[in-house]
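Examining the three-dimensional arrangement
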Amino acid sequence: MILHRPGQVPYERALSLQDAARARVLGGGDHELFLLEHSPVVTLGRRGGDVDVDALTDLDTPIVPTDRGGQATWHGPGQVVGYPIFSLRRLKRTVPQMVAALGEAMATVCHEAGVPGARYDDACPGVYVQGRKLGSIGLHVHRGVITHGLALNVNNDLAGFLAIVPCGRAGLRVTTLAAEGGTLSVGDVIARLAELLDPAAGQARRVA
């Protein structure tokens, strides 16, 4: 697996990086994993999403439609976003198995950060602690290769989430590792997810 850690990047740039990586993987290249942060943005899944446009304008937060699963979510500094550009065919995994693997990886990080109550819920894919959402998952599959991925709230501001209906669930509360007493930094979370998500069990090659 090739690991990319480009830091904080605009969302549109991340889409381009994913498209290029998918072409490489479809051409027989190694699996690739991007672990990064975004500038503030709200993304909408294939089913759209409920957002307060005026509130997001005040927050200088753009809204970007995408082809991933799910509905509205927020990305920004302090939240770790992971884009595994993996061939499900080569991994011999189904989409539900991949979603579960991403969720369990996030839950493991939460436990190691000091939030032992965090759990992956496959009924409403994501990671939660006492009903509060810590991590989200949304994928797109093209010719057996996935794009998009996961987002885990580490120590981000939650104001952007107040301007949307997270994942289409009215009343859903969103939280962060820091708010739940977690002790890991963004860098710590990126390093641990790189290990947990590597299909070759720790043989990731850092290139950026």
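Structure first, text after, so check above.
Residues numbered from 1 in each chain as written. Predicted model: local features only at pLDDT ≥ 70, side-chain atom pairs only at ≥ 80, totals over all residues. Heavy atoms only, no water.

**Focus on the packing of helix α4 (residues 95-113) against helix α5 (residues 186-197)**
Where α4 contacts α5, the axes come no closer than 10 Å and their chain directions differ by 135°. Relative to α5, the element α4 is oriented oblique. The crossing of α4 and α5 is right-handed. Mapping the contact onto sequence places Leu102, Ala105, Met106, Thr108, Val109 and Glu112 in α4 and Val189, Arg192, Leu193, Leu196 and Leu197 in α5. For the contact of α4 with α5, the class distribution of residues is eight nonpolar, one polar and two charged. (Axes fitted to C-alpha atoms, helices over the stretch in contact; angles between N-to-C directions. Helix = DSSP H or I, 4+ residues; strand = E, 2+ residues; numbered from the N terminus. Parallel < 35°, antiparallel > 145°, perpendicular 65-115°, else oblique. Left-handed = near helix turned anticlockwise from the far one by under 90°. Contact = heavy atoms within 4.5 Å. Nonpolar A, V, L, I, M, F, W, Y, C, P; charged D, E, K, R; others polar.)

**So, unusual backbone geometry**
The residue Gln130 is not glycine, and still its phi comes out positive at about 50°. Looking at where Gln130 falls in the secondary structure, it is placed in the loop between β8 (126-129) and β9 (132-142). For Gln130, a relative accessible area of 70% translates into the label exposed. Phi angles above zero are rare outside glycine, and Arg143 is one such case at about 50°. The topology assignment puts Arg143 in the loop between β9 and β10 (145-153). (Buried < 20%, exposed > 50% of the residue type's maximum accessible area, 1.4 Å probe, protein only.)

**Looking at α5**
Because each turn of an α-helix spans 3.6 residues, side chains separated by three or four positions in sequence point in the same direction. For α5, spanning 12 residues, the distance from its first C-alpha to its last is 16 Å, which sits close to the expected 16 Å at 1.5 Å a residue. Along α5, the residues that are buried comprise Val186, Val189, Ile190, Leu193, Ala194 and Leu197. Down the axis of α5, the buried side of the element spans an arc of 135°, and every buried residue falls inside it. (Expected span 1.5 Å × (residues − 1). Arc of directions from axis to C-beta.)

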